[in-house]
Amino acid sequence: MAKETIINKIASPMIKLETSYLGLTLKSPLIVASSGLTNSVEKIRKFEELGAGAVVLKSLFEEQINYEAGMLLENGLYPEAHDYITGYSKTHSVEEYLKLIEEAKKAVTIPVIASINCMSANEWVTFARDIEKAGADALELNIFFVASDKEQSSEQYEKLYHDLIVKVKQVTQIPLAAKIGYYFTNLAGMVNNLYFRGVKGVVLFNRFYEPDIDIEKMKLTTSGVFSSPADIRQSLRWVGIISDRVKNIDIAASTGIHDGKAVIKQILAGAKAVQICSVLYKKGEEHLKVIAGELESWMSRKGFNSIEAFRGKLNYHKIPDPSVYERTQFMRYFSSYR
Ligand SMILES: Cc1cc2nc3c(=O)[nH]c(=O)nc-3n(C[C@H](O)[C@H](O)[C@H](O)COP(=O)(O)O)c2cc1C
């Protein structure tokens, strides 16, 4: 080893990746996002060995919980949904989910965050209590509505989120995170309202199933399920803004985080943690270690020995020209680009 490298190694302070998220201490800001990657104890144990700070379990669906509680039919479920839920529940039963939480908690020391896909504050909500009893460290609510009803106001749609959070808060003590999209007129106001209703953290953003069109077959298809590194940008903008505007809420950045650089950017913008999914499907679970290594070597190079030492250094409040976060038109580039 070259003399200079040895000196650098000795001189560089011990790097700690520890962070806090939803009031939990995470040994690393790298969280494995809700997906099939976390649907068994073996997989969760492997991610702990690879250095994950926490895992978010694959989501249960609100409809599934209601169905198993015998509530859905009375509520007038349409037949295709009924078939789908019956089939899905055979392999992903609510009981199995609770067992997964219990067993994962015994098997690992990292936080295990449960997840529910939900759209309403109806009967399923009481199930949050079972999740808490099973030992989950926190609950992530994956909430999304396509606000496409022209008779409804934005406030009416936003109220659905608020009612849901309030109801879940009434039955659980564990920390709540809301995983949301970016389709809001005033996202900062929305997140602030979630915070005041008791949400400790937000996941910015979920990646949604999106339509595409096959022009040869002339029919609707779905776009690819995995993100690309360029997909980080929406999230980066809003992490930078929200971490300043809603100071006490914890942000986990999500979508398009494929390497150490993306993690560093999100933490500089103010994220407390990041959630990673697509790249682990594409490159394998071991890639988590590569990402952690890139983060550590950058921290060492820049002389930061903790996440808090650089977190938020480039958020909206800290940069000389915050309008960069709000600028949407490429005026400078459009006028000179050839
Ligand atoms: C195969 C697959 C399954 C997923 N399942 C869920 C899920 O059950 N619940 C959820 O909240 N998000 C789910 N997601 C979304 C991811 O948790 C994540 O938010 C999204 O993929 C963006 O992160 P990425 O760019 O790192 O993939 C899934 C994503 C993929 C690719």
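About the criteria used
Residues numbered from 1 in each chain as written. Predicted model: local features only at pLDDT ≥ 70, side-chain atom pairs only at ≥ 80, totals over all residues. Heavy atoms only, no water. Helix = DSSP H or I, 4+ residues; strand = E, 2+ residues; numbered from the N terminus. Buried < 20%, exposed > 50% of the residue type's maximum accessible area, 1.4 Å probe, protein only. Contact = heavy atoms within 4.5 Å. Areas by Shrake-Rupley, 256 points an atom, 1.4 Å probe, with all protein chains shown as cover. Pairing = 2+ DSSP bridges. Salt bridge = Lys/Arg side-chain N within 4 Å of Asp/Glu carboxyl O. Arc of directions from axis to C-beta. Near = heavy atom within 4 Å. Polar contact = N/O pair within 3.5 Å; in protein donor to acceptor, adjacent residues only side chain to side chain. 1 Å grid on protein atoms, 1.4 Å probe; cavity = no way out; pocket = protein on both sides within 12 Å on 5 of 7 lines; lining within 4 Å. Sits in = over half its atoms within 2 Å of the grid points. Points joined across faces, edges and corners; volume = space filled by probe spheres on them. Nonpolar A, V, L, I, M, F, W, Y, C, P; charged D, E, K, R; others polar. Patch = residues over 30% accessible without salt bridge, like charges linked within 9 Å, V, L, I, M, F, W, Y side chains within 5 Å. Phe/Tyr/Trp six-rings, centres within 6.5 Å; stacked < 30°, edge-to-face > 60°. Lys NZ or Arg CZ within 6 Å of the ring centre and 35° of its normal. Expected span 1.5 Å × (residues − 1).

## Details of the overall build of the protein
Helix and strand counts for the protein stand at 14 helices and 13 strands. By the burial criterion, 46% of the 338 residues in the protein qualify as buried. At a minimum sequence separation of 6, the contacts of the protein that also span at least 24 residues come to 70%. Per element, the accessible surface of the protein, about 18,000 Å² overall, is 54% carbon and sulfur.

## Structural notes on the pairing of strand β11 (residues 219-222)
The side chains of a regular strand alternate between both faces of the sheet. Of the strand pairs in this sheet, strand β10 (residues 211-214) and β11 are connected by four bridges, and their pairing is antiparallel. Note that in β11 the partner of I213 across the bridge is L220. Two successive antiparallel strands, β10 and β11, enclose a turn made up of four residues, where M218 displays a positive phi of approximately 50°.

## Quick word on the pattern of salt bridges
Applying the stated criterion across every chain yields a total of nine salt bridges. A salt bridge links K46 to E286, with the shortest nitrogen-to-oxygen separation between them at 3.2 Å. Separated by 240 residues along the polypeptide, K46 in helix α2 (residues 41-49) and E286 in the loop between α11 (278-283) and α12 (287-302) bring together distant segments of the chain. If you follow the salt bridges from partner to partner, you end up with D244, R245 and K247 in one network.

## Digging into α2
Along α2, the residues classified as buried are V41, I44, F47 and E48. Around the axis of α2, the buried residues are gathered within 125° of arc, so they sit on the same side. Seen from the open side of α2, the exposed residues pointing more than 90 degrees away from its buried face are E42 and E49. On its buried side, α2 packs onto β3 (30-32), β4 (54-56), α5 (94-107), α11 and α12.

## Looking at the pairing of strand β12 (residues 250-254)
Summarising burial for β12: five of the five residues are buried, a large majority. With four bridges joining them, strand β9 (residues 201-204) and β12 adopt parallel strand pairing. When the sheet's bridge partners are listed, V202 is paired in β12 with I251. Of the strand pairs in this sheet, β12 and strand β13 (residues 273-276) are connected by three bridges, and their pairing is parallel.

## What to know about the site of the ligand
Of all residues adjacent to the ligand, which total 19 residues, the nearest are S34, S59, S227, G256 and S278. One of the side-chain nitrogen or oxygen atoms of N142 is found 2.7 Å away from an oxygen atom of the ligand. Here C277 contributes a backbone N or O atom positioned 2.9 Å from an oxygen atom of the ligand. Out of a free accessible area of 600 Å², the ligand has 89% covered by protein chains. Counting atoms within 2 Å of the grid points, the majority share of the ligand lands in the largest pocket.

## Quick look at the side chain of D244
Inspection of the secondary structure assignment puts D244 in helix α9 (residues 232-245). Discounting chain neighbours no more than four positions away, the residues touching D244 are N315, Y316 and H317.

## As for the layout of surface pockets
What the largest pocket holds in volume is close to 1,300 Å³. As for the largest pocket, its lining consists of 44 residues, of which N142, N206, R207, F208 and Y209 are closest to the centre. For the lining of the largest pocket, the secondary structure elements donating two or more residues are α3 (62-68), α4 (79-91), β6 (112-118), β7 (138-143), β13 and α11. Residue contributions to the lining of the largest pocket peak at three residues, all from α11. Taken together, the residues of the lining of the largest pocket break down into 21 nonpolar, 17 polar and six charged.

## Some details on a nonpolar patch on the surface
On the surface, I213, I215 and L220 cluster together to form a nonpolar patch covering roughly 370 Å² of accessible area. By the element assignment, I215 lies in the loop between β10 and β11.

## What to know about the packing of aromatic side chains
Throughout the structure, instances matching the rule amount to 10 aromatic pairs. Seen in terms of ring centroids, F226 and Y281 are 5.3 Å apart; in terms of plane orientation they differ by 40°. Their pairing is tilted. Placement of F226 in the loop between β11 and α9 and of Y281 in helix α11 is noted, with a sequence separation of 55 residues between them. An aromatic cluster is present here, built from F144, Y182, Y183, F205 and F208 joined pairwise through their rings. Lying over the aromatic face of Y316, R245 brings its terminal NZ or CZ to 4.2 Å of the ring centre.

## A look at α12
Here α12 spans 23 Å end to end across 16 residues, near enough to the 22 Å set by a 1.5 Å rise per residue. Where α12 is buried, its residues touch β3, α2, α10 (260-269), β13 and α11. Positive backbone phi, at 75°, marks G303, one or two positions downstream of α12.

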